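Report on the structure
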Amino acid sequence: MTDREPTDAAPPNPAEAPSLTRTLLPRREGRPPVMVKLERFEGPLDLLLHLIKRDEIDIYDIPIARITQQYLAYLDLMRSFDLDVAGEFLVMAATLMRIKAKMLLPLPAVGDEEEEGDPREELVQRLVEYRQFKEAAGTLKLREEDRRQLYERGMLPGEDEAGPLPLAPATLFDLLDALQRVMARVPERAVYEVRAEAYDVEDKLALIARLVAEDGAVLFSTLLFRCRARAEMIVTFIALLELVKLGHVTVAQSETFGDISIVARTSEGSTPDATVESSGGA
Amino acid sequence: MPPSNLRAALEALLFSSDQPLTLALLGESLDTSTEDVATALRALEAEYADRGAGVQLREIAGGWMLVTAPEHAEWVGRLLRGRKKMRLSRAALETLAIIAYKQPVTKSEVEAIRGVDSSAVMATLLERNLVTIRGRSKVVGRPLLYGSTPEFLDYFGLRDLSELPRPEELRALVAAREPEQLDMMELEVIAQVGSDLPVSSDQPHEIEPLGGDGDVAGEPELAEDAARERT
């Protein structure tokens, strides 16, 4: 496992790096994905209001190109986390792009019977209306808390635990923002997956036979130097023994503790003096 | 014959019930006029307040109810060990707000405002009896119409729907939260939104009742009916 130098720090703006997180969180094959099920409680209007609020945009003068870009970047971000991007988000994306396209077109000449207003108007109305109901929901929340302080008769003490801990009032988009900030701080680290290799005696048999056939002889040390793991050395050694046993090769050592050379067995009778030795092996 | 000690009798009735009791029901049970019951209620309320009692009277969902005082909530909560209903999710609160202000309203109208599918939330709210089916709209497809219930008022401790903030109050709350220039467009939009807000004056739907009685009118009557049915 190696640490690579952080190549580039992640820009904090999702619009500039929509697919960044995908490279940070590679999907690994052969492992069940972690599934987090979130209640789908946020919709495209929430997302737009979130973007508008975050960038302190005037809701009545939405820079539609910028918002569209950020909106799409967010969808990309959500997808990269395997969040289920509902169809409503795509519909809104289409709506935004349609408005953007309309704004690019020249205004119809004055006096046209069809009086088209600001193409953003309908969307703005929806946002304003939705925001009001969100506010109404907020006041309901306060009433709910107040009411929970009053107990009526007939509630019995139970053994149940106290229920889920109250969570900070963060939205899904707040979480995504926070995650992105953290990601931006963490330098990218290359993670390599190390897998044990399987070594096969058959392969090594073939390899040694080929080397010996090509060069006439091969040094035992050369064979072992090629190995990357102890297991591979063992398998190579077993393959060598097998070849000797089968009589395809023979091994020779010129001096004590000298290197062992493996030579092809030419014909019967010409076996060199040296016999198989295991000294100086693996 | 009315009880000799009206206030004490009233207290007994309220103590016996875990549901809000309407003036009408109290008057009927005590053989007393609703005016006298109201007077006795106020006297009882003052009595609790004067001696710093652990219980108090609250007007909830169109009726009166004896509840523990909020300053003792911590102790009662410990006794009950969290045996309270789950809080509503944000989605549920949002959906409820839309239904409360726009009732009677169809699911697709709610979804148009929220911009998301709301089937699951609606099912939860129906199951918890916070919303109810009011009938069918006569528009194409005859979709079901939803409205709030007495349990809705009880859950939020509301006397009636008029206790919800008015549209202009909501607007002020939004403006306070997101300070931005109020231009003409907003005023226009608010006016449009506002005209749709409570309660029953200009309903977009012609309602076809589901049940026999056909009473789909305003909330207080419903609350009374329900309270009467329960008792």
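Before going into details, it helps to say that this report is about the structure given with it.

Once that is clear, we can look at the overall build of chain A. When you go through chain A residue by residue, the secondary structure sums to 9 helices and 3 strands. Reading the secondary structure of chain A in the N-to-C direction produces α-α-α-α-α-α-α-β-α-α-β-β. Counting across all 282 residues of chain A, residues that qualify as buried make up 34%. The contacts of chain A with a sequence gap of at least 6 include a subset with a gap of at least 24, amounting to 67%. Entry remark: accessible area of chain A is about 18,100 Å², with carbon and sulfur atoms responsible for 56%.

Right, let's talk about the packing of helix α1 (residues 6–16) of chain B against helix α3 (residues 34–50) of chain B for a bit. Residue and element names in this part refer to chain B. It is the contact of α1 with α3, at a shortest axis distance of 9 Å, that shows an interaxial angle of 80°. The angle between α1 and α3 falls in the class roughly perpendicular. Residues L6, R7, L10, E11 and L14 of α1 lie in contact with α3, whose contacting residues are D36, V37, A40, L41, A43, L44, E47 and Y48. In terms of residue class, the contact of α1 with α3 is made up of 9 nonpolar, no polar and 4 charged.

Now for helix α2 (residues 44–54) of chain A. Of all 11 residues that make up α2 of chain A, 9 are buried, and the element is covered over most of its length. If you follow the buried residues of α2 of chain A, they end up packed against α3 (64–80), α4 (87–104), α5 (121–148) and α6 (172–185) of chain A together with α5 (90–102) and α6 (107–114) of chain B. Of the residues trailing α2 of chain A, E56 of chain A is marked for its positive phi of about 50°.

For α3 of chain B, which comprises 17 residues, the first-to-last C-alpha distance of 24 Å matches the rise-based estimate of 24 Å (1.5 Å per residue) to within 8%. Tucked inside the fold, the buried residues of α3 of chain B contact α1, α2 (23–30), β1 (55–60) and β2 (63–68) of chain B.

We now examine the pairing of β2 of chain B. Residues and elements named next belong to chain B. Most of β2 is tucked away: 6 of the 6 residues are buried. In β2, alternate side chains face the same way, and those of G63, M65 and V67 on one face and W64, L66 and T68 on the other are all buried. Pairing analysis gives 6 bridges linking β1 to β2, with the strands arranged antiparallel. Within β2, the residue paired with R58 across the bridge is M65. The antiparallel hairpin formed by β1 and β2 contains 2 residues in its connecting segment, where A61 sits at a positive phi of about 50°.

With that settled, consider unusual backbone geometry. Residues and elements named next belong to chain B. Following Q103, the chain continues to P104 via a peptide bond in cis, the omega torsion being -5°. Positive phi outside glycine occurs at R142, with the angle close to 40°. Looking at where R142 falls in the secondary structure, it is placed in the loop between β3 (131–137) and β4 (144–148).

Okay, the packing of α5 of chain A against α6 of chain B next. Where α5 of chain A meets α6 of chain B, the axes come as close as 8 Å, and the angle between the chain directions of the two elements is 105°. Compared by their axis directions, α5 of chain A and α6 of chain B come out roughly perpendicular. On α6 of chain B, the residues touching R126, E129, Y130 and F133 of chain A of α5 of chain A are A112, I113 and R114 of chain B. Here the residues of the contact of α5 of chain A with α6 of chain B sort into 4 nonpolar, no polar and 3 charged.

Residue and element names in this part refer to chain B. Structurally, R136 can be placed in strand β3. For the pair formed by R136 and V105, sequence separation is 31 residues and the distance between their alpha carbons is 9.6 Å. Here the side chain of R136 touches R142 through a polar contact of 2.9 Å, landing on its backbone oxygen.

Moving on, we get to the side chain of E135 of chain A. The topology assignment puts E135 of chain A in helix α5. Discounting chain neighbours no more than four positions away, the residues touching E135 of chain A are L170, L173, V174 and R177 of chain B.

About the cut-offs
Residues numbered from 1 in each chain as written. Chains lettered and ligands numbered in written order. Predicted model: local features only at pLDDT ≥ 70, side-chain atom pairs only at ≥ 80, totals over all residues. Heavy atoms only, no water. Helix = DSSP H or I, 4+ residues; strand = E, 2+ residues; numbered from the N terminus. Buried < 20%, exposed > 50% of the residue type's maximum accessible area, 1.4 Å probe, protein only. Contact = heavy atoms within 4.5 Å. Areas by Shrake-Rupley, 256 points an atom, 1.4 Å probe, with all protein chains shown as cover. Axes fitted to C-alpha atoms, helices over the stretch in contact; angles between N-to-C directions. Parallel < 35°, antiparallel > 145°, perpendicular 65-115°, else oblique. Nonpolar A, V, L, I, M, F, W, Y, C, P; charged D, E, K, R; others polar. Expected span 1.5 Å × (residues − 1). Pairing = 2+ DSSP bridges. Polar contact = N/O pair within 3.5 Å; in protein donor to acceptor, adjacent residues only side chain to side chain.

Read these as geometric descriptors, not functional statements.
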